[in-house]
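# Architecture at a glance
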Amino acid sequence: MTTSDPWRLVGEVESLGLVSSSMYELVVGLEDVVSFRPGQFCMLNLGGGREMVLSRPFSILAVDGNRVTLLFKAVGSGTRAMATCKPGAPVVFLGPLGQPFPSPDTATAGQTAPRHLLLAGGVGLPPLLAWQRAWGREGDLYLFGGRDGGDVPWSLVSEGWRCSVDRHVDVPRNVDAFVGNVVELAREILGSVDDEPRRVLACGPLALLRAVTAFAGERGWDCRVSVEERMGCGYGVCRGCVVPRADGEGYLTACHDGPVLAADAIDWKCFGRAEGGSPPVSAIGCNRPEQDTKS
Ligand SMILES: Cc1cc2nc3c(=O)[nH]c(=O)nc-3n(C[C@H](O)[C@H](O)[C@H](O)COP(=O)(O)OP(=O)(O)OC[C@H]3O[C@@H](n4cnc5c(N)ncnc54)[C@H](O)[C@@H]3O)c2cc1C
Ligand code: FES
């Protein structure tokens, strides 16, 4: 896998199927081969209907020659349209885009490669599953959090992942699922004392990223998060995906500087909106002008 200039390729849907009660696996066949690094994403447009006038960003789970696999949940008009697509439906793919998760060999100066702790929530799974498949090593820990047993793609997390569920419902009998969130599961496994330092990689809802950042911060561990902001262009032009910088010097873009960012590069107080959509975080303690997006 190499990082290269993004391709704009056309292709078609090869298959679509459910891997949990709410998560779809989509395989698209493109006109040419592509490559990617775990954490990179594509802008996908299924064309045809007005629902997908704008492309939507999706992390790349796997590439096999010219076949690309994605996982998604139907949350709005575009993804609901995707969930009804048929084999042969036309696709426009732009990717790979953005900065990937670091490989294990990207150690901090003077240090050996750390063990890793991966935390995924819901559709935060694909970039971290891709990372595990590419670079996972013995001693790394992979944790996935779902709402309940039906929400967990068991066939995918059987590849060495431990799972947490908010509610112990629809959990297969032979499975040991922790009840709580995925950060609580990490605490349970690693204990309260400092373990050997790990590098933490996380992807999922904003609340999860905040909790993971706090957890890694308590232990002084390097932490990288993939921020799944809403996107317009996907390549740094529209500035619709800005993330406030921790140093106060303006904003990063999730699509070009990220989506994988060092957790300590983000001003968490000003980032995102309060859960539930409103009021903006700026109303509860962030003094940045909301529309000021200059970098
Ligand atoms: C880099 C990146 C990688 C992503 N990878 C995946 C992936 O692998 N699988 C997947 O299912 N989704 C992923 N997403 C999120 C996905 O892009 C959105 O779910 C999708 O764009 C929603 O489109 P829609 O038209 O269905 O929803 P809309 O009608 O646009 O919105 C419906 C609802 O979803 C919310 N929403 C929309 N976009 C996002 C977002 N980015 N984050 C959180 N909430 C959002 C809206 O606030 C609204 O409540 C990723 C996003 C980014 C930026
Ligand atoms: S989506 Fe356009 S700048 Fe990031």
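Scroll up to find the structure.
Residues numbered from 1 in each chain as written. Chains lettered and ligands numbered in written order. Predicted model: local features only at pLDDT ≥ 70, side-chain atom pairs only at ≥ 80, totals over all residues.

## Description of the overall build of the chain
For the chain, the helix and strand inventory stands at five helices and 16 strands. Here the analysis covers contacts within the chain between residues at least 6 apart in sequence; of these, 58% occur between residues at least 24 apart. (Helix = DSSP H or I, 4+ residues; strand = E, 2+ residues; numbered from the N terminus. Contact = placed C-beta atoms within 7 Å.)

## Observations concerning the site of ligand 1
In the vicinity of ligand 1 lie 22 residues, with F72, G76, G78, T79 and E228 positioned nearest. For the shell around ligand 1, the elements supplying multiple residues, two or more each, are β4 (56-59), β6 (67-73) and α1 (77-82). Partitioned by chemical class, the residues of the shell around ligand 1 number 12 nonpolar, five polar and five charged. The two domains that each donate at least three residues to the shell around ligand 1 are domain 1 (7-97) and domain 3 (230-295). (Near = placed C-beta within 6 Å. Nonpolar A, V, L, I, M, F, W, Y, C, P; charged D, E, K, R; others polar. Domains from an automatic or database assignment.)

## As for the nonpolar core
Soluble, globular proteins show a tendency: their nonpolar side chains are buried together. Ranked by size, the top nonpolar core spans 77 residues in total, and within it L119, L143 and V212 carry the most contacts. It is helix α5 (residues 206-219) that contributes the most residues to this core, six residues altogether. Apart from residues lying up to four places away in sequence, L143 is in contact with L118, L119, W161, R162, S164, V182, L185 and A186. (Core = buried A, V, L, I, M, F, W, Y, C linked by C-beta atoms within 7 Å. Buried ≥ 20, exposed ≤ 12 C-beta atoms within 10 Å, placed from the backbone.)

## Here we look at the sheet that holds strand β16 (residues 260-262)
Pairing within the open sheet is mixed, and its seven strands lie in the order β11-β10-β9-β8-β12-β13-β16. The open sheet has two edge strands, β11 (178-179) and β16, and neither has a second partner. Summarising the sheet, strand β9 (residues 141-146) and strand β10 (residues 162-165) pair through four bridges and their orientation is parallel. Bridge pairing in β10 places F144 opposite C163. Each of β8 (115-121), β9, β10 and β11 touches helix α4 (residues 182-190); the most contacted strand, β9, lies at about 145 degrees to it. Relative to the sheet, α5 contacts β8, β12 (198-203) and β13 (223-226), its axis offset from that of β13 by approximately 175 degrees. (Pairing = 2+ DSSP bridges. Axes fitted to C-alpha atoms, helices over the stretch in contact; angles between N-to-C directions.)

## Things to note about the packing of α4 against α5
Two numbers describe how α4 lies on α5: the axes approach to 9 Å, and their chain directions differ by 25 degrees. It follows that α4 is roughly parallel to α5 by the angle criterion. Contacts between α4 and α5 pair V182, V183 and A186 from the former with L208, A211, V212 and F215 from the latter. Of the residues belonging to the contact of α4 with α5, the class tally is seven nonpolar, no polar and no charged. (Parallel < 35°, antiparallel > 145°, perpendicular 65-115°, else oblique.)

## Looking at unusual backbone geometry
Of note, the bond from G95 into P96 is cis; its omega dihedral lies within 30 degrees of zero at 0 degrees. In this structure, D170 takes a positive phi of about 60 degrees despite not being glycine. Mapped onto the elements, D170 comes out in the loop between β10 and β11. Accessibility expressed as a C-beta count within 10 Å gives 15 for D170, which makes it partly exposed. You will see that R239, though not glycine, has its phi angle at about 60 degrees, which is positive. Looking at the secondary structure, you find R239 in the loop between β13 and β14 (242-244).

## A look at the sheet that holds β4
One open sheet holds the seven strands; their spatial order is β4-β3-β7-β1-β2-β6-β5, and the pairing between them is antiparallel. The sheet terminates laterally at β4 and β5 (62-64), the two strands that pair on one side only. Pairs of neighbouring strands in the sheet enclose a mean axial angle of 35 degrees, with direction left out of account. Direction of pairing for strand β2 (residues 23-30) relative to β6: antiparallel, over a ladder of seven bridges. Across the sheet, residue G29 finds its bridge partner in β6, namely R67. Set on the sheet, helix α2 (residues 125-135) makes contact with β4, β5 and β6; between it and β6 the angle comes to about 135 degrees.

## As for the pairing of β4
Of the two faces of β4, the one lined by R56 and F58 and the one lined by P57 and S59 are each fully buried. Two elements, strand β3 (residues 41-45) and β4, share four bridges in a ladder whose sense is antiparallel. Bridged to L44 within β4 is R56.

## Focus on the environment of L252
With respect to the helices and strands, L252 occurs in strand β15 (residues 251-253). Along the sequence, L252 and A265 sit 13 residues apart, while their C-alpha atoms lie 9.0 Å from each other. Leaving out residues up to four positions away in the same chain, L252 has contacts with V242, V243, R245, D257, G258, L261 and A265.

## Comments concerning the environment of V68
Structurally, V68 can be placed in strand β6. Separated by 40 residues in the primary sequence, V68 and V28 have C-alpha atoms spaced 5.4 Å apart. Among all residues touching V68, those that are not within four sequence positions of it are V28, L30, V34, I60, V63 and F93.

## So, the environment of V91
With respect to the helices and strands, the residue V91 is situated in strand β7 (residues 90-97). According to the C-beta neighbour criterion, V91 is buried, with 24 such atoms within 10 Å. Those residues in contact with V91, other than ones at most four positions away along the chain, are V10, G11, E12, V13, V28, L44 and L46.

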